[in-house]
Amino acid sequence: MGDDDLLAAARAAAADAYAPYSGFAVGAAVRTRSGRIHPGANMENASYGLSLCAEAAALARAVAENDFQVVEIAVVGGKRGEGGTLVPGDPVTPCGRCRQLLKEAADVAGADIRVISANADLSKVLETTVSELLPHAFGPDHLTDG
Ligand SMILES: [Zn+2]
C-alpha cells in the first residue's frame, strides 16, 4: 500500500515523542512534492501550554529543509502503556491548531493535503483532507485586499 512508508515514519516518530506529562505520544510525517518524508513528534513542557504537536514539528522540519510543498501527512499515536508500548485506540486526528497550520501548508502547495490518521498499531486508519477537517478556513487570502 502506498501509505505504508509514511505511516511507518509517523509511527517511528511517535516512539520517540517527549510526552512525560500526558503519556500520549504522537508522531507525524509529511510527504512533500519532492517525495521526501519529514517526521516530527510531540514535545511536551512542564509549562503545559507550551507543548508542541507532532504535526507542527513535522511541518517545521519540512520548512527547515526548504521542502515545504506538502502533499500528505500521516499522524499516529496513542497512550503509553506498560513498558512504553502504545495502546491501540482510535485514529489520532490533528488538533484545531494543527488543522490551521496544515491549511497554510495547503495554500503554499496550492493544493489540498491528504491527512491519514491512524491509531498506535495502525489497525484503524482514517483518511481525510485538510479542507474536510477545516471547512470555511481562514487563510492568506483573507489578508489581501479585495
Ligand atoms: Zn496539534
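Above this text sits the structure in question.
Definitions and cut-offs
- The residue numbers shown here count from 1 along each chain, following its written sequence.
- For a predicted model such as this one, the threshold for reporting local features is a pLDDT of at least 70, and the threshold for listing and counting side-chain atom pairs is 80 or more; totals across whole chains, interfaces and linings nevertheless cover every residue.
- Derived side-chain values reflect all non-hydrogen atoms in the structure, with water molecules and hydrogen atoms excluded from consideration.
- Each metal's donors are the N, O and S atoms within 2.8 Å of it, or within 3.2 Å when it is Na, K or Ca, and because water is not part of the set, sites may look incomplete.
- For the exposure calls, accessible area comes from a 1.4 Å probe over protein chains only, and a residue counts as buried if that area is under 20% of its type's maximum, exposed if over 50%, partly exposed in between.
- Every axis in this analysis is a line fitted to C-alpha atoms, fitted for helices over the stretch in contact. Angles between the N-to-C directions lie between 0 and 180 degrees.
- Going along the chain from the N terminus, every DSSP run of H or I of four or more residues is numbered as a helix, and every run of E of two or more is numbered as a strand.
- Throughout, the term roughly parallel applies to angles under 35 degrees, roughly antiparallel to angles over 145, roughly perpendicular to angles from 65 to 115, and oblique to all others.
- The sense of a crossing depends on the near helix, which, turned anticlockwise from the far helix by less than a right angle, makes the crossing left-handed and, turned clockwise, makes it right-handed.
- Any two residues whose heavy atoms approach within 4.5 Å at even a single point are treated as in contact.
- Amino acid classes used here: Ala, Val, Leu, Ile, Met, Phe, Trp, Tyr, Cys and Pro are nonpolar; Asp, Glu, Lys and Arg are charged; the rest, including Gly, are polar.
- Pairing between strands is defined by DSSP: at least two bridges between the two strands are required.
- The definition of a polar contact used here is a pair of N or O atoms within 3.5 Å, where within protein one atom must be able to donate a hydrogen and the other to accept one, and adjacent residues in sequence count solely through side-chain atom pairs.
- A patch consists of residues whose relative accessible area exceeds 30% and which take part in no salt bridge; residues with like charges are grouped when within 9 Å of each other, and nonpolar side chains (Val, Leu, Ile, Met, Phe, Trp, Tyr) when within 5 Å.
- Per-residue and other accessible areas were derived by the Shrake-Rupley procedure at a 1.4 Å probe size, with only the shown protein chains allowed to occlude residues.
- A side-chain nitrogen of Lys or Arg and a carboxyl oxygen of Asp or Glu constitute a salt bridge if their distance falls within 4 Å.
- Two aromatic rings from Phe, Tyr or Trp, using only the six-membered ring of Trp, form a pair when their centres are within 6.5 Å; if the ring planes differ by under 30 degrees the pair is stacked, by over 60 it is edge-to-face, and anything between is tilted.

Peer 1: Sorry, what's going on with the coordination of the zinc ion here?
Peer 2: A metal bound by six donors in octahedral fashion has ideal angles of 90 or 180 degrees, whereas one bound by four tetrahedral donors has an ideal angle of 109.5 degrees. At this site the zinc ion is bound by Cys53 (SG), Cys95 (SG) and Cys98 (SG), with donor distances of 2.3 Å. Mapped onto the polypeptide sequence, the residues donating to the zinc ion form the spacing pattern C-x41-C-x2-C. Residue class for Cys95 comes out partly exposed when judged on its relative accessible area of 32%.

Peer 1: Is there a simple way to think about the packing of helix α2 (residues 54-64) against helix α3 (residues 96-109) in this case?
Peer 2: When two helices pack together, their arrangement is given by the angle between their axes and by how far apart the axes lie. At their nearest, the axes of α2 and α3 sit 9 Å apart, and the two run at 25° to each other. Here α2 lies roughly parallel to α3, going by the angle between them. Relative to α3, α2 is oriented so that their crossing is left-handed. Contacts between α2 and α3 involve Glu55, Ala56 and Leu59 from the former and Arg97, Cys98, Leu101, Leu102 and Ala105 from the latter. Considered class by class, the residues forming the contact of α2 with α3 number six nonpolar, no polar and two charged.

Peer 1: How should I be thinking about the sheet that holds strand β5 (residues 125-129) in this particular structure?
Peer 2: In any sheet, the strands associate via hydrogen bonds between backbone groups, in a parallel or an antiparallel arrangement. The strand order across the open sheet built from five strands is β2-β1-β3-β4-β5, with neighbouring strands paired in mixed fashion. Here the strands that pair on one side only, and so sit at the sheet edges, are β2 (37-41) and β5. Each neighbouring strand pair of the sheet contributes to a mean axis angle of 15°, computed without reference to strand direction. Where α2 meets the sheet, its contacts fall on β1 (24-32), β2 and β3 (70-79), and the angle it forms with β2 comes to roughly 140°.

Peer 1: It is not clear to me how the environment of Asp112 should be interpreted in this structure. Could you clarify?
Peer 2: Here Asp112 lies in the loop between α3 and β4 (114-119). Judged by relative accessible area, Asp112 falls into the partly exposed class, the value being 38%. Not counting residues within four places of it along the chain, the set of residues in contact with Asp112 comprises Val71, Ala106, Thr129, Val130 and Ser131. Within polar-contact distance, the side chain of Asp112 engages the side chain of Thr129 at 3.2 Å.

Peer 1: Would you explain a nonpolar patch on the surface in this entry?
Peer 2: On the surface, Tyr18, Tyr21, Met43, Tyr48 and Leu52 cluster together into a nonpolar patch covering about 550 Å² of accessible area. By the element assignment, Tyr18 lies in the loop between α1 (4-15) and β1. Given a relative accessible area of 44%, Tyr18 falls into the partly exposed group.

Peer 1: Looking at this model, I keep getting lost on the packing of aromatic side chains. Mind explaining?
Peer 2: Each aromatic ring pair is specified by the distance between its two centres and by the angle formed by the two planes. Enumeration according to the criterion identifies one aromatic pair in this entry. Relative to Tyr48, the ring of Tyr21 lies with its centre 5.5 Å away and its plane at 40°, an arrangement referred to as tilted. Highlighted residues: Tyr21 in the loop between α1 and β1 and Tyr48 in the loop between β2 and α2, separated in sequence by 27 residues. A residue is classified by how much of its surface remains accessible, and Tyr48, at 58% relative accessible area, is exposed.

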